[in-house]
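The lines below spell out each chain.
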Amino acid sequence: MLLYSHSYFELVEAFLTPLLRPWCQCLILSHLSPPIDPLYMKKSAIVLVIALAVSACSPQPKEEAKPAAHYLTNRAPLISTPYLELPIGSIKPEGWLEDQLRRMASGLTGHLDEVYPEVVGPRNGWLGGDGDGWERGPYWIDGLVPLAYILDDEQLKQKAQPWIEWTLNNQAESGYLGPIPFETEPEPEPGLQRGRREDWWPKMVMLKVLQQYYQATQDERVITALTKYFHFQLKELPNRPLDFMSFWANRRAGDNLLVVYWLYNITGDEKLLELGELIQRQTFPWQTIYTNPENELQYENIHFYNEIKSYPFDSAEISKITLSKVPGLHTVNVAQGLKQPIVYFQKSGKTDAIAAVKKALADLQTYHGQPQGMYGGDEPLHGNNPVQGIELCSIAEEMYSLETILKITGDMEFADLLEKITYNALPTQASDDYTSRQYFQAANQVELTDKLETSYETENHGGTDFVYGLLSGFPCCTTNMHQSWPKFVQNLFYATPDGGVAALLYAPSSVELTVGQGAKLKIKETTGFPFRETVQFDLELTEDAAFPFHLRIPAWSKKAEIKVNGETAQASIQNQVAIINRTWKSGDQITLTLPMELKTSTWYKSMVSIERGPLVYSLKIQDEEKTKDRNDRFKPFTEVYPTSEWNFGLASTTLSDLANSIELVENEWDGSYPWNLENAPIELRLQGVQLPEWKLVKSAPQLSENLPSKLASSELTKRQKAITLIPYGCTTLRITEFPVVGIE
């Protein structure tokens, strides 16, 4: 009633009349028939305005705010990505995984400058010295920095810091980063890579180092230095393209482009997009090669990849290159190149890049593949014979490529492969104390000596490719091996753009991140995976929060089960990702069960492997180690010899009925370090078929042509003997691909 009192109305009329007169006149003129009383019109308008004002001042229903991304996302025109990386240090390893990283800290990763000072000591060019100035120093720091900040280890941080400081404090006015070029090329020194200081390739490794350092510390000097460097690249590349000093940079420029886009997302500097297009044009055309049709061209020179014409590329020459060739492209370049089409896909938005990379991975498996997820390449691609070598650098780089691809695409096919490589190929190629490594490993290796001649590089590497040592084979892996485990930890969890969290790779760990509208979430992941089927997540929140929780369902698990607080969860499952969208409370618990079934896979000349879940199983072979010192550049190394029988096949009847032919035994295990014969948490017991006809050829278990493909039932029974298979990653010597013996 007060609203319409006479005096109140007059007061409002005096205030609003000058404002409403033009509107009333306009309305009257537009409605000449029938005429409208202007006084009535004015009073009606005043009432309407008052009503609107009162409505605006009244309490309104709250519109729920949409969750925002709490972490760095792609800036237009780059496409949005489904998963966002967390700051280094947010994810912590636990259980055996923490033990693995601490072994690295007390082993080569934490002490490489002490055992390899000639290359990563004070003379290194990345510390201002006149010594080695190429890739090996940055390689080491590329693993040391994430290890230091994940473990929050001050000693490791202090060991990495001089490399960061020298690089940031000695940038040229031009923007150039890296070792100071010599005025005249220096005299060669054995074991050092002193020249090519202006090569673009080693700088790409340091770009990754600086990116990780910024992610861990938010040191703004990194942003300034990278901006100057990328502007320098933009100016210089037209005249000094990526391969002006060596071909390595154009093969591996996906790493360069990745950091360019990362910096663009932070600064919005349009010049970075221009640089991205220039780098893309000068990069080896991996996507074209992945999709080239097969042809009959055969290369005679095993190092033909050194002779491919530089930029601008010869399209006729490029059209003949495929991944099927033996000898083939350089194995590490292939591993690094896998990410390149996907990195650029962020700009192009063309999904044929994803299809091309999937085809590349399928071709690598078909023509060069081995059961542990990798491919024969020693150093050129070398076919799928299970005695062919797999370079440790290619494992490290393929893991990083797959981690990159997974974040950008959200495609779980890449996560499945990443997990397979990590839990099979990676653990076995370094010693338990992380003080030595193999340059090459193989699916079938039963004697590791300097007599092995299965690789292309035998002559150049003095036969030391398969032994365990510091500098055996070639030293690149001594410095590049360190990135693998820390970066795997860094990819165990992601944020999502809608304020959620994703666990796409499984291992004992914990994470802290921001979710929902700003709640702080801590997750503890407890699991015996990959040896056990259950993964448990315990949530601790600062407040109740609504957000999605993403879980990967591996392709090998057909009847996965998800429970929240003991009750079956309502989850949307699409493309191998289960999304639980709900309001979460502190104390909530998610239990993911991933049933694992025994299965076989077929490989070289119809040899067969046995798998279960993400793990591949190999014959358990007892061994003895012998130290050897030839007083040469390879330094002392360790040879490994079998002390138990190794030459077994599997009966076709066993393979046709795995469930009844194999006893699965889960050994007592407290979650401690699992990667050796003694600690293997699980084993398979079955009958093998002795094949005395299968003998070593210069230490290699080359498949003999005279092996029986069939035996009489009585003879088969006579040859059968109980054998034990354990996870591939727990072995040093092994048979993983078994000949199959049928019954006549």
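Residues numbered from 1 in each chain as written. Predicted model: local features only at pLDDT ≥ 70, side-chain atom pairs only at ≥ 80, totals over all residues. Heavy atoms only, no water.

### Description of the sheet that holds strand β20 (residues 623-628)
Judged by pairing direction, the sheet is antiparallel, and its four strands sit side by side in the order β3-β5-β21-β20 without closing on themselves. The sheet is open, and its two edges are formed by β3 (437-438) and β20, each paired on a single side. (Pairing = 2+ DSSP bridges. Helix = DSSP H or I, 4+ residues; strand = E, 2+ residues; numbered from the N terminus.)

### Comments concerning the packing of helix α4 (residues 108-115) against helix α6 (residues 136-151)
The N-to-C vectors of α4 and α6 enclose an angle of 135 degrees; their axes lie 10 Å apart at closest approach. Considering their axes alone, α4 and α6 lie oblique with respect to each other. Along the contact surface, α4 presents Leu-108, Thr-109, Leu-112 and Asp-113, while α6 presents Trp-140, Leu-144 and Leu-147. Tallied by class, the residues present in the contact of α4 with α6 amount to five nonpolar, one polar and one charged. (Axes fitted to C-alpha atoms, helices over the stretch in contact; angles between N-to-C directions. Parallel < 35°, antiparallel > 145°, perpendicular 65-115°, else oblique. Contact = heavy atoms within 4.5 Å. Nonpolar A, V, L, I, M, F, W, Y, C, P; charged D, E, K, R; others polar.)

### Remarks on the sheet that holds strand β6 (residues 493-495)
Strand order in the open sheet made by the five strands is β6-β7-β11-β15-β14, with mixed pairing throughout. Since the sheet does not close on itself, it has two edges, and those belong to β6 and β14 (572-574), each with one partner. Going across the sheet, the axis of each strand differs from the next one's by a mean of 20 degrees, ignoring polarity. Alignment of β6 against strand β7 (residues 501-503), held across three bridges, turns out to be antiparallel. When the bridges of β7 are listed, Tyr-494 appears paired with Ala-502.

### Points about the pairing of strand β26 (residues 720-727)
Pairing geometry for strand β19 (residues 615-619) and β26, over three bridges, is antiparallel. The residue bridging Leu-619 from the neighbouring strand is Leu-725, located in β26. Pairing of strand β24 (residues 682-690) with β26, which is carried by six bridges, proceeds in the antiparallel orientation. In the sheet register, Arg-685 faces β26, and the bridge partner there is Thr-724.

### So, the pattern of salt bridges
Taken as a whole and assessed by the stated rule, the structure comprises 44 salt bridges. A salt bridge links Asp-142 to Lys-487; the shortest N-O distance between them is 2.9 Å. With Asp-142 in helix α6 and Lys-487 in helix α21 (residues 484-490), the pair connects residues that are 345 residues apart, well separated along the chain. Exposure class is identical for Asp-142 and Lys-487. Each is buried. Between Lys-347 and Glu-277 there is a salt bridge, and its shortest N-O distance comes to 3.5 Å. Note that Lys-347 is positioned in helix α16 (residues 340-348) and Glu-277 in helix α12 (residues 270-282), a separation of 70 residues in sequence. Its relative accessible area of 26% is what places Lys-347 among the partly exposed residues. On the basis of relative accessible area, Glu-277 is assigned to the partly exposed category, the value being 23%. One continuous salt-bridge network, built from bridges that share partners, spans Asp-142, Lys-208, Asp-255, Lys-339 and Lys-487. (Salt bridge = Lys/Arg side-chain N within 4 Å of Asp/Glu carboxyl O. Buried < 20%, exposed > 50% of the residue type's maximum accessible area, 1.4 Å probe, protein only.)

Honestly, that's just the spatial picture; any functional story needs more than this.
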